[in-house]
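A look at the structure
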Amino acid sequence: MSEVILFGEPMAMFVAKTTGALHEVEEFTRLLAGAEVNVAIGLKRLGHTVSYVTKLGTDPFGTYIENKLHEEGLDTQITKDPDHFTGYQLKSKVEEGDPEVYYYRRNSAASHLTVEDVDRVDFEGAKILHITGIPPALSESCRAATYRLIERAREHDMIVSFDPNLRPSLWSSREEMISVINDIASRADIVLPGTGEGEILMGSGEPEKIAAYYRSNGAGIVIVKAGAKGAYVDSEELREFIEGYKVQKVVDTVGAGDGFAVGIISAYLEGKDLKEMVKRGNAIGAIQVSVMSDNEGLPTQEELAAYMKEGTECVFK
């Protein structure tokens, strides 16, 4: 069985070949996207075994995604849904900063994941369950499936890591989002909020206050992402701000948080201490914002070691 189990919605992503408003773009490049699939690919490239749980439509996008997941060497636990389509998205090309992204996922195949799907998942031998706040926002059945995953992880003595990964547009209300996300966080061992998410979820953008809030609600380790500044870790053993890596040019910020999670989880699996876990998270997050892709720039162990040694002097393509 794989070391890590992930659960989510992979999507076909069409990235504009030219800059400008999406309605003006005529050519796109097709890629694979999805927060959880980014983490899965990143962990696999670092040499870890990963099981990815999802549901796909029986359409060309579903076939494309399934083939890409197999190419990446992931152990996939895919349910096929002939009645619903596979989600996709459009993404603009930018010279710097955040791109424009439009999602087409309402009533998608993945939004129909259920508790029954989760009960078919093989948990034997797995060490970590990593979840995000996206699946519980997709539908009531996905939310129930998320809670069932946590239950099953506990039954198998697994660590649960959680990235809020807020998508406000997917929720019926801001209040519901805050309530559900904070409840899931209270059931996790490792919580990975960003400072902006802290402002929404508990009313503060200060890393120390965010960490204290989630620690008091039950999390054993809280690592607060503070963008280019780095990250703050709060646990029984360590309370410290770990400086981030300087990035020569920010190309695309999408996927940085997923890269950060890859660093945290992989370092944990390799027995690294908390400070090294955060350093690795910062490094992969910096690599991610330096490339135009949600996951194609995720490094191998050799590439990561070179980047962490040389920092901004290491040109990462």
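Summarised in this report is the structure supplied together with it. Given the structure is predicted, the values throughout are model-derived calculations rather than measurements. (Residues numbered from 1 in each chain as written. Predicted model: local features only at pLDDT ≥ 70, side-chain atom pairs only at ≥ 80, totals over all residues. Heavy atoms only, no water.)

Observations concerning the packing of aromatic side chains
- One pass over the structure, following the stated rule, counts five aromatic pairs.
- Ring centres of Tyr245 and Tyr307 lie 5.5 Å apart, and the angle between their planes is 40°; this geometry places the pair in the tilted category. On the criterion of sequence distance, the pair formed by Tyr245 in the loop between strand E13 (239-243) and helix H9 (256-269) and Tyr307 in helix H11 (residues 301-310) is long-range, its members being 62 residues apart. Accessibility classification places Tyr245 together with Tyr307 in one group, the buried group.
- Through a chain of ring-to-ring contacts, three or more aromatic side chains come together here, namely Phe14, Phe61, Tyr88 and Tyr104.
- Its guanidinium or amino end placed over the ring of Tyr64, Arg30 lies 3.8 Å from that ring's centre, counting from NZ or CZ. (Phe/Tyr/Trp six-rings, centres within 6.5 Å; stacked < 30°, edge-to-face > 60°. Helix = DSSP H or I, 4+ residues; strand = E, 2+ residues; numbered from the N terminus. Buried < 20%, exposed > 50% of the residue type's maximum accessible area, 1.4 Å probe, protein only. Lys NZ or Arg CZ within 6 Å of the ring centre and 35° of its normal.)

Observations concerning the pattern of salt bridges
- The full count for this structure, using the stated rule, is 20 salt bridges.
- Through salt bridges with shared partners, a single network forms among Asp119, Arg148, Glu151 and Glu155. (Salt bridge = Lys/Arg side-chain N within 4 Å of Asp/Glu carboxyl O.)

Observations concerning the environment of Gln248
- Mapped onto the fold, Gln248 is located in the loop between E13 and H9.
- With relative accessibility at 65%, the residue Gln248 sits in the exposed group.
- Expressed as a C-alpha distance, the spacing of Gln248 and Val50, which sit 198 residues apart in the sequence, is 32 Å.

As for the environment of Thr253
- Following the sequence through the fold, Thr253 ends up in the loop between E13 and H9.
- C-alpha of Thr253 to C-alpha of Ala286: the two residues are 33 residues apart in sequence and 9.1 Å apart in space.

Describing the pairing of strand E5 (residues 75-81)
- Judged from the seven bridges that link them, strand E4 (residues 50-57) and E5 form a sheet pairing that is parallel. Bridge pairing links Ser51 to Asp75 in E5.
- After leaving E4, the chain enters helix H2 (residues 60-71) and then returns to the sheet as E5, a path that is right-handed. (Pairing = 2+ DSSP bridges. Right-handed = clockwise from strand over helix to strand, strands pointing away.)

So, the side chain of Ser51
- Mapped onto the fold, Ser51 is located in strand E4.
- Side chain to side chain, Ser51 and Gln77 meet in a polar contact 2.7 Å long.
- With residues up to four places along the chain from it excluded, the contact list for Ser51 reads Met1, Ser2, Val4, Ile5, Leu6, Asp75 and Gln77. (Polar contact = N/O pair within 3.5 Å; in protein donor to acceptor, adjacent residues only side chain to side chain. Contact = heavy atoms within 4.5 Å.)

Some details on helix H7 (residues 195-202)
- Taken together, the buried positions of H7 are Glu197, Gly198 and Leu201. Buried residues of H7, seen end-on, are gathered within an arc of 105° and therefore sit on one face of the element.
- Buried residues along H7 sit against strand E9 (159-163), helix H6 (174-186) and helix H8 (207-216).
- Following H7 by one or two positions, Gly203 adopts a phi angle in the positive range, close to 90°. (Arc of directions from axis to C-beta.)

Regarding the packing of H9 against helix H10 (residues 274-289)
- Where H9 meets H10, the axes come as close as 7 Å, and the angle between the chain directions of the two elements is 150°. Classified by the angle between their axes, H9 and H10 sit roughly antiparallel to one another. The element H9 and its partner H10 pack so that their crossing is right-handed. Counted together, Ala256, Gly259, Phe260, Val262, Gly263, Ile264, Ser266, Ala267 and Tyr268 of H9 and Met277, Val278, Arg280, Gly281, Asn282, Ile284, Gly285, Gln288 and Val289 of H10 form the full contact between these two elements.
- Taken together, the residues of the contact of H9 with H10 break down into ten nonpolar, seven polar and one charged. (Axes fitted to C-alpha atoms, helices over the stretch in contact; angles between N-to-C directions. Parallel < 35°, antiparallel > 145°, perpendicular 65-115°, else oblique. Left-handed = near helix turned anticlockwise from the far one by under 90°. Nonpolar A, V, L, I, M, F, W, Y, C, P; charged D, E, K, R; others polar.)

Focus on the sheet that holds strand E6 (residues 88-93)
- Strand order in the open sheet formed by four strands is E3-E2-E6-E7, with mixed pairing between adjacent strands. Two strands lie at the open edges of the sheet, namely strand E3 (28-33) and strand E7 (101-104), each paired on one side alone. Within the sheet, the average angular offset between the axes of one strand and its neighbour, ignoring direction, is 20°.
- Here strand E2 (residues 11-19) runs beside E6; their pairing, made up of five bridges, is parallel. The residue bridging Met13 from the neighbouring strand is Gln89, located in E6.

So, the sheet that holds strand E11 (residues 221-225)
- Strand order in this open sheet of nine strands is E5-E4-E1-E8-E9-E10-E11-E12-E13, and the pairing throughout is mixed. Two strands in the sheet have a free side with no partner beyond their single neighbour: E5 and E13.
- Alignment of strand E1 (residues 4-7) against strand E8 (residues 128-132), held across three bridges, turns out to be parallel. Residue pairing across strands places Ile5 opposite Leu129, the latter belonging to E8.
- Sheet strands in contact with helix H5 (residues 140-155) are E1, E8 and E9, and its direction is about 160° off that of E8.

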